[in-house]
Amino acid sequence: MLRYMSAYSSDQDLKVTDATGNGVEVDVATNLLNGTVRLSVLWTQEIYLHPDDAEQVAQSLLRAAAHGRRIARARGPEPDQRLSSSD
């Protein structure tokens, strides 16, 4: 039987939940195949953060961005998908 395996690796150091106490969580993960970074707000569409928690999320995104760059460099150059052909 095949098991589903995610290409994303979550930041295990990030433990941030909603300031209102409703259990909403933030997840920052890096795609191990292409280096893209995913920011997820789990269980809702928005989250309210205390200032210290907001800083933790920002630091996690910076770690994920650095990890993603290392993965992308290891894969080699690829066309920038953000640019459209009309530029």
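Per chain, residues are indexed from 1 in the order of the written sequence. For this predicted model, a pLDDT threshold of at least 70 governs which residues receive local features, and a threshold of 80 or more governs which side-chain atom pairs are given and counted, while totals over whole chains, interfaces and linings are taken from all residues. Hydrogens are left out, water is left out, and the side-chain values use all remaining heavy atoms of the structure.

As for the pairing of strand 3 (residues 37–42)
By the convention used here, strands pair only if DSSP detects at least 2 bridges between them. Note on conventions: DSSP H or I runs of at least 4 residues are helices, E runs of at least 2 residues are strands, and numbering of each starts at the N terminus. Both strand 2 (residues 25–31) and strand 3 contribute to a ladder of six bridges, which runs antiparallel. Across the sheet, V26 pairs through a bridge with V41, a residue of strand 3. Linking strand 2 back to strand 3 in an antiparallel pair, the connection comprises five residues, with G35 at a positive phi of about 85°.

Brief notes about the side chain of S40
Relative to the helices and strands, S40 resides in strand 3. A contact between two residues is defined here by any heavy atoms of the two lying within 4.5 Å. Setting aside chain neighbours within four positions, we find S40 in contact with E25, V26 and D27.

Focus: the confidence of the model for the protein chain
What pLDDT conveys is the predictor's confidence in a given residue, as a value from 0 to 100. Overall, the prediction assigns the protein chain a mean pLDDT of 87, with 83% of residues at 70 or greater. Across residues 83–87, confidence stays below pLDDT 50; counting only partners more than four residues off in sequence or on other chains, it has zero contacts.

Observations regarding the packing of aromatic side chains
Pairing of aromatic rings covers Phe, Tyr and Trp, the last through its six-membered ring, and needs centres within 6.5 Å; plane angles under 30 degrees mean stacked, over 60 mean edge-to-face, and all others mean tilted. All chains considered together, the criterion is met by zero aromatic pairs. Here, over-ring charges are defined by two tests on the NZ atom of lysine or the CZ atom of arginine: distance to the ring centre within 6 Å, and angle to the ring normal within 35 degrees. Here the guanidinium or amino end of R38 rests over the ring plane of Y8, the centre of that ring lying 4.4 Å away.

Remarks on the sheet that holds strand 1 (residues 8–10)
Read from one edge to the other, the open sheet built from three strands follows the order 1-2-3, with strand pairing classed as antiparallel. Strand pairing shows two members of the sheet lacking a second neighbour, strand 1 and strand 3, which therefore form its edges. Geometrically, the sheet is characterised by an average inter-axis angle of 30° between neighbouring strands, direction not taken into account. One ladder, built from three bridges, connects strand 1 with strand 2; its direction is antiparallel. Residue Y8 lies in a different strand from strand 2, and its bridge partner there is N31. With axes taken as lines fitted to C-alpha atoms, and helix axes fitted only over the stretch in contact, angles between N-to-C directions fall between 0 and 180 degrees. On the sheet, helix 1 (residues 51–75) packs against strand 2 and strand 3 and is oriented at approximately 15° with respect to strand 2.

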